[in-house]
Amino acid sequence: MPTATPAQHTLHHTGSIVEVQQLAPLIWAHRCHIPEIAASVHPGQFVHMRITEGSAPLLRRPFSVLDANPRDGTFRILFKVVGVGTQIMTGFRAGDPVDMLGPLGSAFNVPRANKRLLMIAGGIGMVPLYFLAKKLFESRRGIEVDYWFGARDAEEIYLLDDLRQWCNTVVPVSEDAGFEKRGRVTDFANEWGSPNLVLTCGPTAMLREVQRITRDMNFPVYGALESFMGCGLGACLGCVLNTTDAGYERVCTEGPVFDLHRLELGP
Amino acid sequence: MPTATPAQHTLHHTGSIVEVQQLAPLIWAHRCHIPEIAASVHPGQFVHMRITEGSAPLLRRPFSVLDANPRDGTFRILFKVVGVGTQIMTGFRAGDPVDMLGPLGSAFNVPRANKRLLMIAGGIGMVPLYFLAKKLFESRRGIEVDYWFGARDAEEIYLLDDLRQWCNTVVPVSEDAGFEKRGRVTDFANEWGSPNLVLTCGPTAMLREVQRITRDMNFPVYGALESFMGCGLGACLGCVLNTTDAGYERVCTEGPVFDLHRLELGP
Amino acid sequence: MTAAAATCVDLSVKLGSLRLKNPVTVASGTFGYGTEYAHVFDSTLLGGVFLKALTMNPRPGNPPNRICETSSGMLNSIGLQNVGIDRFFSEKEPNCQRIASAGVTIFANLAGQTIEEFEQLIDHLETTTAVHAYELNVSCPNVNKGGCQFGQDQTLLRELVIATRKLTQRPIIVKLSPQVTDIAAMGVLCERAGADALSLINTFPAMAIDAQSRRPVLNTIAGGLSGPAIKPIALRMVYQTAQAVSIPIIGMGGIMNATDAIEFLLAGASAISSGTANFVNPNAPVEILRGLEAYCIEHCVDRVEQLIGGLQV
Amino acid sequence: MTAAAATCVDLSVKLGSLRLKNPVTVASGTFGYGTEYAHVFDSTLLGGVFLKALTMNPRPGNPPNRICETSSGMLNSIGLQNVGIDRFFSEKEPNCQRIASAGVTIFANLAGQTIEEFEQLIDHLETTTAVHAYELNVSCPNVNKGGCQFGQDQTLLRELVIATRKLTQRPIIVKLSPQVTDIAAMGVLCERAGADALSLINTFPAMAIDAQSRRPVLNTIAGGLSGPAIKPIALRMVYQTAQAVSIPIIGMGGIMNATDAIEFLLAGASAISSGTANFVNPNAPVEILRGLEAYCIEHCVDRVEQLIGGLQV
Ligand SMILES: Cc1cc2nc3c(=O)[nH]c(=O)nc-3n(C[C@H](O)[C@H](O)[C@H](O)COP(=O)(O)OP(=O)(O)OC[C@H]3O[C@@H](n4cnc5c(N)ncnc54)[C@H](O)[C@@H]3O)c2cc1C
Ligand SMILES: Cc1cc2nc3c(=O)[nH]c(=O)nc-3n(C[C@H](O)[C@H](O)[C@H](O)COP(=O)(O)OP(=O)(O)OC[C@H]3O[C@@H](n4cnc5c(N)ncnc54)[C@H](O)[C@@H]3O)c2cc1C
Ligand SMILES: Cc1cc2nc3c(=O)[nH]c(=O)nc-3n(C[C@H](O)[C@H](O)[C@H](O)COP(=O)(O)O)c2cc1C
Ligand SMILES: Cc1cc2nc3c(=O)[nH]c(=O)nc-3n(C[C@H](O)[C@H](O)[C@H](O)COP(=O)(O)O)c2cc1C
Ligand code: FES
Ligand code: FES
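Residues numbered from 1 in each chain as written. Chains lettered and ligands numbered in written order. Predicted model: local features only at pLDDT ≥ 70, side-chain atom pairs only at ≥ 80, totals over all residues. Heavy atoms only, no water.

**Structural notes on the overall build of chain C**
For clarity, the cut-off: Under the scheme used here, helices are H or I runs from DSSP no shorter than 4 residues and strands are E runs no shorter than 2 residues, and both carry numbers assigned from the N terminus. Throughout, radius of gyration means the C-alpha value; the globule benchmark is 2.2 Å times the number of residues raised to the power 0.38. Here, residues are in contact when the closest pair of their heavy atoms is within 4.5 Å. Here the positive residues are Lys and Arg and the negative ones are Asp and Glu; neither His nor the chain ends is included. Positions of charges follow a simple convention, taking NZ of Lys, CZ of Arg, CG of Asp or CD of Glu.
If you tally the helices and strands in chain C, you get nine helices and 16 strands. What you see for chain C is a C-alpha radius of gyration of 18 Å, in line with the 20 Å of a compact globule of 313 residues. If you line up chain C on its principal axes, its C-alpha atoms span 55 × 50 × 40 Å. Expressed as a percentage of contacts within chain C between residues at least 6 apart in sequence, the contacts between residues at least 24 apart total 70%. A gap of 4 Å separates the mean positions of the 22 positive and 26 negative side-chain charges of chain C.

Structural data, given as structure tokens:
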């Protein structure tokens, strides 16, 4: 089901940051102007971004696209500050140049027949699902989306107003007492209903739980996965995950969107 | 004659940048607030500055002090953009923290008896001599200073108004047609008069010329020297220059101010 | 010189019996089989492409994590994942043919676990004109069985070079491991055994630990270090080996830009590869090529070969 | 645990017959003889100080340039500049005595060019209580004559360890060169010959070139690479050697902060040294010590020795 989007034009772009938003203490969103990416990116796909001209950090960093506006040639990424690269990115300002590869990887694909979707987002895993929810809403295909958004702290749950516009229900879940539902998002599996399709993205521990639950409930499920990346282009074979049926597959090329039931997520 | 200033207190300081000036396309001055350094630094001494918390560049960078104000606890450094470290420094803003070792090294020492001084500055070699000229003027010891300031382009000659306040004569020399005197500062040795003492700082090629000329003319001469530095504290032995009488000496400890006639500056 | 003179710089370099149209190549394992970068730049601009390691049978490679970043470098333990020689012919060879016919020299990187496997690989590859030379990967630090020893055992290495040298008219290039006491001696040994050129260096065995979880970051514990971190070591090894051998050297290890590439040429390399750089800046090979040309013009160098070994000591 | 528990962490580590009050030491050649950092931090906080290399006669060292920066690293070719054993006693020994009496373990780094010179150095140093152990510098890549070979020649190295081991009750520590095919084998050899501990690693032979002037940056062409660039290699070497020997290891190579230090302990080092870090941040040793203590508290580690070799594979 993940579509291998054929890259019709060059994937290596320079552009600029046009807007910087801080959504929570550690959560930032950057709007970038690169018309080629804005015009062709699909939910689930990512950009591979150079952080510095220098060598600290050396490698690019991958980020899912949060939304895109082909008309003005911009799109957004949203990131959490977790290390050296994302720390540096908090210093980026509107007007700064950016160097990105993209759009890369496979996208979420929702077949016509699927009218009831369940999205399970954990932390910054909300990003590709936000984009997908928005796109589906705009497609006016009459799809109902239940969007569960879990995080440790209520602070790490944001953009709910946007999501509420597009989704049937939006259920924030945090481990602190910030929302009605307290705990982990997978603690509430009995309230997930019976969707045609589950779409998910989040930390591996959560994905493992979602994999187990959807397997038990017999739901089809697609997830957007992460791994350490080198090239982002399929050349280095650094980013693989193990599948049950086809050995190692590349997150940057076959993924990041995979049939979750095909993946070996470890114990 | 260079005085080994005994370090009475700790040499490792953190402080902040309080003012950033751009004096020419590649020339910047930063005013820093570190009262311990402002209170104790002498002309010729330097600070050893950490450029980044990260590792690019890894090593500190040495900069002479341009002037110091013990009353408000600030001092200035002036630098030319020549590579990765100085490039990064152009991004520093008022309010940014700085981490410096200092004051380090030996200072210029002008004995009471010397009333007629000649200063020969090349490029950013103007820095320690600017500080010295200022200090001597403020000391009201009735010392007459002729300050020759050479650079490739007129653009790289700056702060002349300050110097004119403090010096008997200030003679800018550039290789373009920016000033009356065109050429290299050492081309005008016949106009240097007969000083009691010559003080100099600049590129090695210039120092070599000054060494030759002052030897021929039998002038005593002290110069502030440069070298690649590691520790800045005398421990690594990385920064040495060769002397005629005592083997290798450390620029960071025995120097940067040396009796120029003692140094082997190479061919 | 005027800008018009740009076209006058002869960028071609001799590599044994081959002539590369320019000295800029991409390192094995960092450029796949030449298709992956198709949407980033025109690979027919390159002087050469070193293909990803080939083995007779398909190899699954190592479990993840396979890569991680270090200060100015990266570790990898891909584990020679590749489709094997048969699928190379069905899936990859046509594209190599396409690039080759545009004048790019194609180097097959062979990662046999036995001398026989190297021989079989050459036997198969002799049948295609899409490959111009063989690079013997005797130094991959990631394969536990066998892989390591060729590059570190003088007797085995000599045997391997002699055996493979007999099988083909095409140049045999030995890619040396940096994890040896005296790399120049290994180079001399290869030269005497009949090697036509040397590639140096492969990655350094190295590791990373996550202090919080107290676990190695890579699944295989150790991997190979590449990138700017190792450049000063690679440069010294190229210099030292170039002093000792008269066969040409392909220099690599942390080359990120034209200045780095020029340093390797000056140290004695006849051609250079960018590896990790391709991940950081996929356009790096093209920028290196352009920068090299600009340097030649600025320094009045008519033929890039004049730079080779031009270090003034 | 509460903050009050901080004082409960036992930071001391055993190093052969010695007990260091904590595992944080400073590497030879980066801390002079202990006085140079006096105005920066209180060196009596350290677990140990490795003194700058000593030779019998004063040595002038190499001509400048002696150092230069590389990506996440630096090259040095100091050339063992030192005042010689006599002036060590007159000028440096009193301060070592002062630090030693504050409970800091003092290691003399010996850089003989012959076995006899090593023996003479030990003979002289046996007369002072300011030194607790000898570190044999058999791997300095900067000295052309002799210096290199001890660390890379198994027979010579064995002879040296056996010879020096006879002369003293104090621990003999061999500082290994990374420029060997199998560092663990060198460690085993030293252990069998009677060494009490190993230091690893020394710097890597490496070089830098100025592409504009086409000259080497260092006067000696090659120098030794240190700093974060080499950390992944050093960590792997410590891990691999710790698997092979049962004598303790002092780990170093690019340690910049407490996290790095913990990684070396987990890999199997009993103590660590900061070297290049001291230039970048003269307060690094103290920050490493504080960070190590904080880590122990956070991870409920009562004795820092529990971390040694604690990598979970
Ligand atoms: C396809 C894809 C899409 C992604 N989308 C987003 C997104 O939309 N928003 C977002 O905030 N993050 C996203 N990530 C994760 C993001 O790439 C990492 O958080 C980022 O690279 C961390 O960089 P750093 O330099 O700040 O952290 P580092 O200093 O490199 O690492 C900090 C910590 O994060 C871990 N880490 C770093 N990179 C990864 C990785 N790729 N996988 C797993 N662990 C890692 C490290 O082990 C370390 O513990 C995505 C990753 C992938 C592969
Ligand atoms: C005691 C002392 C005082 C100094 N005072 C000043 C000052 O007041 N203002 C000022 O602008 N500069 C001064 N310098 C020089 C200054 O330290 C260097 O220009 C700076 O370190 C360059 O850093 P970078 O990262 O920008 O350049 P890099 O990228 O490190 O190098 C750029 C170029 O400069 C050369 N270079 C770098 N450092 C040195 C050095 N220490 N000696 C010789 N060549 C070098 C490199 O070889 C290279 O060609 C002083 C140096 C010393 C030793
Ligand atoms: C991800 C990755 C995979 C590699 N795979 C191979 C390989 O299959 N065969 C080989 O000979 N070298 C392989 N190498 C080594 C490179 O070809 C090169 O020798 C090394 O990376 C040093 O160059 P660099 O610092 O420019 O990357 C690989 C390197 C990397 C980073
Ligand atoms: C400037 C400098 C001088 C050194 N001098 C010596 C020395 O005299 N003896 C020695 O055994 N090691 C010497 N070393 C090596 C260090 O002790 C250490 O092994 C090496 O630098 C790796 O550690 P680091 O990366 O933390 O610096 C020196 C290193 C540097 C940077
Ligand atoms: S990141 Fe290189 S293959 Fe996926
Ligand atoms: S910079 Fe270390 S001794 Fe001068």
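Resuming the write-up.
**Brief notes about the site of ligand 1**
Residues and elements named next belong to chain A. Under the convention used in this document: Whether a residue is near a molecule or strand is decided by its heavy atoms; if any one of them lies within 4 Å of it, the residue is near. Any pair of N or O atoms that falls within 3.5 Å is considered a polar contact. Within protein, one atom must be able to donate a hydrogen and the other to accept it, and sequence-neighbouring residues count only if both atoms are side-chain atoms. Here, Shrake-Rupley sampling with a 1.4 Å probe gives the accessible areas, and only protein chains in the shown set may cover a residue. Residues are grouped as follows: nonpolar covers Ala, Val, Leu, Ile, Met, Phe, Trp, Tyr, Cys and Pro; charged covers Asp, Glu, Lys and Arg; every other residue, Gly included, is treated as polar.
Near ligand 1 lie 20 residues; those nearest to it are Arg61, Pro62, Leu78, Gly85 and Thr86. One of the backbone N or O atoms of Lys80 is found 2.9 Å from an oxygen atom in ligand 1. In this structure, Gly83 approaches ligand 1 through a main-chain N or O atom, which is 3.1 Å from an oxygen atom. Burial of ligand 1 by the protein chains amounts to 77% of its free accessible area of 870 Å². It is strand E4 (residues 61–69) that contributes the most residues to the shell around ligand 1, four residues altogether. Residues that form the shell around ligand 1 fall into these classes: 12 nonpolar, five polar and three charged.

**Concerning the sheet that holds strand E4 (residues 61–69) of chain B**
All names here are of chain B. Put simply, the test is: DSSP-based pairing: two strands are paired if at least 2 bridges between them are found. To obtain each axis, a line is fitted to C-alpha atoms, and for helices this fit is confined to the stretch in contact; angles are then taken between N-to-C directions over 0 to 180 degrees.
Sheet architecture is closed into a barrel: six strands sit in the order E1-E2-E5-E4-E3-E6, paired in antiparallel fashion. Each strand of the sheet is rotated relative to its neighbour by a mean of 45°, with strand direction disregarded. Bridging between E4 and strand E5 (residues 74–80) involves four bridges; their strand directions are antiparallel. Bridged to Asp67 within E5 is Arg76. Along the sheet, helix H3 (residues 126–138) makes contact with E4 and E5, crossing E4 at roughly 20°.

**A few points about the pattern of salt bridges**
What counts here: Basic side-chain nitrogens of Lys or Arg form a salt bridge, by our definition, when they fall within 4 Å of a carboxyl oxygen of Asp or Glu. Burial classes follow relative accessibility: with a 1.4 Å probe on protein chains only, a residue under 20% of its type's maximum area counts as buried, one over 50% as exposed, and anything between as partly exposed.
According to the stated counting rule, one finds 42 salt bridges over all chains in the structure shown. Of the charged contacts in the structure, one is a salt bridge between Glu69 of chain C and Arg61 of chain A, with a shortest N-O distance of 2.8 Å. Of this pair, Glu69 of chain C sits in strand E5 (residues 67–70) while Arg61 of chain A sits in strand E4, each in a different chain. Under the relative-accessibility criterion, Glu69 of chain C is labelled partly exposed at 24%. The class for Arg61 of chain A is partly exposed, based on a relative accessible area of 21%. With its nearest N and O atoms 3.5 Å apart, the salt bridge here joins Arg19 of chain D to Glu305 of chain D. Of this pair, Arg19 of chain D sits in strand E2 (residues 18–20) while Glu305 of chain D sits in the segment after helix H9 (284–298); the two residues are 286 residues apart in sequence, bridging distant segments of the chain. Under the relative-accessibility criterion, Arg19 of chain D is labelled partly exposed at 46%. The structure contains a network of salt bridges with shared partners spanning Glu209, Arg212 and Asp216 of chain A.

**Examining the interface of chain B and chain D**
The criterion, for reference: Buried area counts how much accessible surface, traced with a 1.4 Å probe, disappears from two parts once they are put together, with both parts' losses summed.
Contacts between the two partners involve 26 residues from chain B and, on the opposite side, 32 residues from chain D. Carbon and sulfur atoms supply 64% of the area that chain B and chain D bury against each other, a total of about 2400 Å² over both sides. Linking chain B with chain D are one salt bridge, by the criterion used here. Where chain B touches chain D, the interface holds eight residue pairs in polar contact (both at pLDDT 80 or more).

**Concerning the interface of chain D and chain C**
Each partner contributes residues to the interface: chain D has 46 residues there, and chain C has 46 residues. Both faces combined, the contact of chain D with chain C buries some 3900 Å², and carbon together with sulfur accounts for 60% of it. If you look at where chain D meets chain C, you find zero salt bridges. Linking chain D to chain C there are 18 residue pairs in polar contact (both at pLDDT 80 or more). Every element with two or more residues in the side of chain D that touches chain C is listed here: strand E11 (204–207), strand E13 (215–216), strand E14 (222–226), helix H6 (231–244), helix H7 (258–267) and H9 of chain D. No other element matches H6 of chain D, which puts six residues into the side of chain D that touches chain C. Classifying every residue of the side of chain D that touches chain C by side-chain character gives 29 nonpolar, 12 polar and five charged.

**Thoughts on the pairing of strand E9 (residues 169–174) of chain A**
All names here are of chain A. Here is the rule: Consider the strands pointing away from the viewer: the crossover is right-handed when the path from the first strand over the helix to the second runs clockwise.
In terms of burial, E9 is a largely internal element, five of the six residues being buried. As paired strands, strand E8 (residues 144–151) and E9 are joined by six bridges and run parallel to one another. Paired with Ala151 across the two strands is Ser174, which belongs to E9. One crossover worth recording links E8 to the parallel E9 by way of helix H4 (residues 160–166), and it is right-handed.

**Quick notes on the site of ligand 4**
Residue and element names in this part refer to chain D. Close contacts around ligand 4 come from 21 residues, with Ser28, Lys175, Gly227, Gly254 and Thr276 the closest. For ligand 4, an oxygen atom lies 3.1 Å from a polar atom in the side chain of Lys52. For ligand 4, whose accessible area on its own is 600 Å², the fraction buried by protein is 98%. Partitioned by chemical class, the residues of the shell around ligand 4 number five nonpolar, 14 polar and two charged.

**Side note on the packing of aromatic side chains**
Inclusion rule: When two rings of Phe, Tyr or Trp (its six-membered ring) have centres within 6.5 Å they constitute a pair, described as stacked for plane angles under 30 degrees, edge-to-face for angles over 60, and tilted for the intermediate range.
On inspection of all chains with the given rule, the structure shows 25 aromatic pairs over all chains. Summarising the aromatic geometry, the rings of Phe204 of chain C and Phe204 of chain D are spaced 5.5 Å apart at their centres and angled 75° between planes, so their arrangement reads as edge-to-face. In this pair, Phe204 of chain C is assigned in strand E11 (residues 204–207) and Phe204 of chain D in strand E11, connecting two distinct chains. Judged by its relative accessible area of 0%, Phe204 of chain C is buried. Ring geometry for Tyr33 of chain D and Phe88 of chain D: centres 5.8 Å apart, planes at 55°, overall tilted. Taken together, the positions of Tyr33 of chain D in the loop between strand E3 (24–26) and strand E4 (48–50) and Phe88 of chain D in helix H1 (residues 84–101) put the pair 55 residues apart, joining distant regions of the chain. Like Tyr33 of chain D, the residue Phe88 of chain D is buried in the burial classification. Through a chain of ring-to-ring contacts, three or more aromatic side chains come together here, namely Tyr147, Phe149 and Tyr158 of chain A.

**A closer look at unusual backbone geometry**
Residues other than glycine predominantly adopt negative phi, and peptide bonds predominantly adopt the trans conformation. In this chain, Gly255 of chain A is followed by Pro256 of chain A through a cis amide linkage whose omega measures 10°. Residue position: Pro256 of chain A is located in the loop between strand E14 (247–250) and strand E15 (257–259). Put simply, Leu200 of chain D and Ile201 of chain D share a cis peptide bond, and its omega is 15°. Positioned with a positive phi, Ile221 of chain C is a non-glycine residue whose angle comes to about 70°. Mapped onto the elements of the fold, Ile221 of chain C is located in the loop between strand E13 (215–216) and strand E14 (222–226).

**Considerations on the relation of the copies chain D and chain C**
Put simply, the rule reads: A residue counts toward the fit only if its pLDDT is at least 70 in both copies, and the copies are then superposed by least squares on the C-alpha atoms of those residues.
Take chain D, turn it by 180°, move it 0.0 Å along the axis, and it overlays chain C with an RMSD of 0.0 Å. Such values leave the two copies arranged in the relation of a two-fold axis.

**Some thoughts on the environment of Ile233 of chain D**
Note on placement: Ile233 of chain D falls in helix H6. In the structure, Ile233 of chain D is positioned 101 residues away from His132 of chain D in sequence and 29 Å away in space, judged by C-alpha atoms. Apart from residues no more than four positions distant in its own chain, Ile233 of chain D is found in contact with Phe204, Pro205, Ala206 and Leu225 of chain C together with Phe204 of chain D.

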